[in-house]
Amino acid sequence: MKKKSNHWKAALLAVMGDEKRQNITVPLLEVLFGLLAGAVIFLILGKNPLQAFNAFLQGCGITAKANYAGGKGMFTDFMGYLDNWTPMLFAALSVAVAFKAGLFNIGVSGQMLMAGFVAMVTVGYSPLPAVVAKPLVIVIGIVVGALVGALIGYLKYRFNINEVVSSIMLNYIFQYVLSFFIFTFFINPLTRQSQAISDASRLTLQNVMIAGYKTVIPLGFVLAIIVVAAMHYLIHHTKFGYELKAVGLNAKASKYAGINVRRNILFAMMLSGALAGLAGVTYYLGYLGSIQPRVLSTVGFDSIAISLLGNSNPIGIVFASFLITVITKGSTYMSSSIGVDQEIGSVITGLMLLFAACGAYVRHRLRISRMELEEQKKEEQKEGNEQKEGQS
């Protein structure tokens, strides 16, 4: 029985691979379990899981719908998906940078809101031309986000205030203080949202005619791909990235080795905040074009699941954010096409987050199983050698 169990362990380890390969196989396993759990939910609701998952893809322009409205098509749906995907990429990178330093930036939504609000007030309502307004919006997003991140980092290293507590409190402060200003000075009485920003300052071009289709063009998506490449290089090929990971793994050992732990904590939160600021301006001054008072974007919270699924690796985050955005963006069409609540998409995302949280435990169990098999092989070799010596 024990040998049979060991055969199963060996087969599992062969599939999952070594620790380096597990950075890919374990997240894939988590996604698979999340989708299987989602399929079970659809079956309980009496719906076809394959039809439901295809509806998610149709809502994002990845597969074709049965029919489209005038001037719309699969291409327009896909461009809308890219527009929604862009802030998710920035937000997930923000969480990942903090994770690398052993920090948990749960205040991404608040930092997005603050950056979006400042950019909206200073540039969004100004008469500046597009060639000046659009780059300025990006710069303001980076600066405001970095300043908020620096505040959280300073509170962490100067007063040892946990970054989770300070970032959550800032979420509430930004949410309600900025809502007061919007309701007082910038509210649209019809939509109950902030006044729409100028087209010149918006990071998503609206109603662009391409091949007979009226679509959007998310300018921030190109920047997001560039930032992904830059972050991958920064984390894996620079001294700063090395020190960041060292502090995240063991702050005390890093301090003993001569690494300035406090400085790295501050810089990590500044960089995380700057990325959250980019997420904010591409969301509020790109995807939406306005701010809804008293509401924090779910993008900041979904980005936690994405970062976990992507192992806080910029390349992994691209694939993880692609999947999660398909679920969040496509849930509206899925709901209308098969007749279930669109919140099912959030349930599936939550299940993936739950399985992603078990990733460290899965790797731990795989490591123990590998050690047990190696120990057993040594014992078997030892017994074989003793038998040979006895026969001789």
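No experiment lies behind these values; they were computed from the predicted model shown. Throughout, residues of each chain are indexed from 1 in the direction in which the sequence is written. Selection of residues for local features in this predicted model requires a pLDDT of at least 70, selection of side-chain atom pairs for listing and counting requires 80 or more, and totals for whole chains, interfaces and linings are taken over all residues. The side-chain figures draw on all heavy atoms in the structure; neither hydrogens nor water molecules are used.

Caption draft 1: Focus on the UniProt feature "transmembrane region" (unreviewed entry) in the protein chain. UniProt positions are given in the numbering used here, feature names are shortened, and annotations may be inferred rather than shown by experiment. In the numbering used here, UniProt assigns the "transmembrane region" (unreviewed entry) feature to residues 26–45, 85–106, 136–157, 169–190, 210–235, 265–285, 317–338 and 344–362. Think of it this way: any DSSP run of H or I at least four residues long counts as a helix, any run of E at least two long counts as a strand, and we number them from the N terminus. In residues 169–190, the share of helix is 82% and the share of strand is 0%. The end C-alpha atoms are 31 Å apart. Here residues 344–362 is 95% helix and 0% strand, with 26 Å between the C-alpha atoms at its ends.

Caption draft 2: Looking closely at a negative patch on the surface. A cluster of acidic side chains, namely Glu-374, Glu-375, Glu-379, Glu-380, Glu-383 and Glu-386, defines a negative patch on the protein surface. Tracing the sequence through the fold places Glu-374 in helix 15 (residues 359–391). In this scheme, a residue with accessible area under 20% of its type's maximum is buried, one over 50% is exposed, and one in between is partly exposed, where area comes from a 1.4 Å probe on protein chains only. When its relative accessible area of 46% is taken as the criterion, Glu-374 is described as partly exposed. Patch membership needs two things, relative accessible area over 30% and no salt bridge, and members are linked within 9 Å if like-charged or within 5 Å if nonpolar (Val, Leu, Ile, Met, Phe, Trp, Tyr). Accessible surface area values rest on a Shrake-Rupley calculation with a 1.4 Å probe, where residue burial reflects the displayed protein chains alone. Basic side-chain nitrogens of Lys or Arg form a salt bridge, by our definition, when they fall within 4 Å of a carboxyl oxygen of Asp or Glu. Positive charges come from Lys and Arg alone, negative charges from Asp and Glu alone, with His and the N- and C-terminal ends not counted. All charge positions are set by atom: Lys at NZ, Arg at CZ, Asp at CG, Glu at CD.

Caption draft 3: Spotlight on helix 2 (residues 19–44). One less than the residue count of a helix, multiplied by 1.5 Å, gives the span that helix is expected to have. A rise of 1.5 Å per residue sets the reference length of helix 2, with its 26 residues, at 38 Å; its end C-alpha atoms lie 37 Å apart and thus fit the reference within 8%. Taken residue by residue, helix 2 has Gln-22, Thr-25, Val-26, Pro-27, Glu-30, Val-31, Gly-34, Ala-37, Gly-38, Ala-39 and Phe-42 as its buried positions. Looking one or two places after helix 2, you find Gly-46, whose phi comes out positive at around 80°.

Caption draft 4: Seen up close, the packing of helix 12 (residues 299–309) against helix 14 (residues 343–357). Every axis in this analysis is a line fitted to C-alpha atoms, fitted for helices over the stretch in contact. Angles between the N-to-C directions lie between 0 and 180 degrees. In contact at an axis separation of 9 Å, helix 12 and helix 14 are set at 45° when each is read in the N-to-C sense. Overall, the two elements helix 12 and helix 14 adopt an arrangement that is oblique. The way helix 12 lies across helix 14 gives a crossing that is left-handed. Residues Asp-302, Ala-305, Leu-308 and Leu-309 of helix 12 touch helix 14, and the partners they reach there are Thr-349, Met-352, Leu-353 and Ala-356. Gly counts as polar in this scheme, as do all residues outside two lists: the nonpolar Ala, Val, Leu, Ile, Met, Phe, Trp, Tyr, Cys and Pro, and the charged Asp, Glu, Lys and Arg. Looking at the contact of helix 12 with helix 14, its residues break down into six nonpolar, one polar and one charged. Throughout, the term roughly parallel applies to angles under 35 degrees, roughly antiparallel to angles over 145, roughly perpendicular to angles from 65 to 115, and oblique to all others. What makes a crossing left-handed is the near helix being turned counterclockwise from the far one by less than a right angle; a clockwise turn instead makes it right-handed. Contacts are assigned to residue pairs that have any heavy atoms within 4.5 Å of one another.

Caption draft 5: Fine view of the packing of helix 4 (residues 74–100) against helix 8 (residues 219–237). At a minimum axis distance of 9 Å, the contact between helix 4 and helix 8 shows a crossing angle of 20°. Here helix 4 lies roughly parallel to helix 8, going by the angle between them. Between helix 4 and helix 8 the crossing geometry is left-handed. Here helix 4 contributes Leu-82, Trp-85, Thr-86, Leu-89, Phe-90, Leu-93, Val-97 and Lys-100 to the contact with helix 8, which in turn contributes Gly-220, Phe-221, Leu-223, Ala-224, Ile-225, Val-227, Val-228, Met-231 and Ile-235.

Caption draft 6: Layout of helix 13 (residues 314–338). Along its 25 residues, helix 13 runs 34 Å from first to last C-alpha, staying within 8% of the 36 Å computed at 1.5 Å per residue. The largest bend along helix 13 measures about 50° and falls at Ser-331. Side-chain atoms alone can form a polar contact between residues adjacent in sequence; in general such a contact is a pair of N or O atoms within 3.5 Å, and within protein one must be able to donate a hydrogen while the other accepts it. One side-chain oxygen of the residue at the start of helix 13 lies 2.8 Å from the amide nitrogen of Ile-315, identifying that residue as Asn-313. One or two steps after helix 13, the chain reaches Gly-339, where phi turns positive at roughly 80°. Bend, at a single residue, is the angle you get between axes fitted to the 7 residues ending at that residue and the 7 residues starting at it.

Caption draft 7: Fine view of the pairing of strand 2 (residues 213–218). Here, any two strands with at least 2 DSSP bridges between them count as paired. The pairing of strand 1 (residues 204–210) with strand 2 spans five bridges and is classified as antiparallel. Within strand 2, the residue paired with Ile-210 across the bridge is Tyr-213. Hairpin connection of strand 1 to strand 2: two residues between the antiparallel strands, including Ala-211 at a positive phi of 55°.

Caption draft 8: Up close: unusual backbone geometry. Although it is not a glycine, Asn-160 sits at a positive phi angle of roughly 55°. With respect to the helices, strands and loops of the structure, Asn-160 is situated in the loop between helix 6 (130–159) and helix 7 (163–186). On the basis of relative accessibility, which here comes to 62%, the residue Asn-160 falls in the exposed class. With a phi close to 55°, Asn-207 is a non-glycine residue in the positive phi region. Residue position: Asn-207 is located in strand 1. For Asn-207, a relative accessible area of 54% corresponds to the exposed category.

Caption draft 9: Representation of the packing of aromatic side chains within the structure. Only the six-membered ring of Trp is used, alongside the rings of Phe and Tyr, when aromatic pairs are assigned; centres must lie within 6.5 Å, and planes under 30 degrees apart are stacked while those over 60 apart are edge-to-face, with the rest tilted. Counted according to the given criterion, the structure contains 19 aromatic pairs. Between Phe-42 and Phe-53 the ring centres are 5.8 Å apart and the planes differ by 90°, which places this aromatic pair in the edge-to-face class. One end of the pair, Phe-42, is in helix 2; the other, Phe-53, is in helix 3 (residues 49–59), with eleven residues separating them in the sequence. According to the relative accessible area criterion, Phe-42 is buried, its value standing at 0%. Whether a charge sits over a ring depends on NZ of Lys or CZ of Arg being within 6 Å of the ring centre and within 35 degrees of the ring normal. Taking the ring centre of Phe-159 as reference, the NZ or CZ of Arg-158 above it sits at 5.2 Å.

Caption draft 10: Highlighting the side chain of Ser-307. Counting through the fold element by element, Ser-307 comes out in helix 12. Given the relative accessible area of 0%, Ser-307 is considered buried. Beyond its immediate chain neighbours, meaning those up to four positions away, Ser-307 contacts Ala-92, Val-95, Ala-96, Phe-99, Ser-312 and Ile-317.

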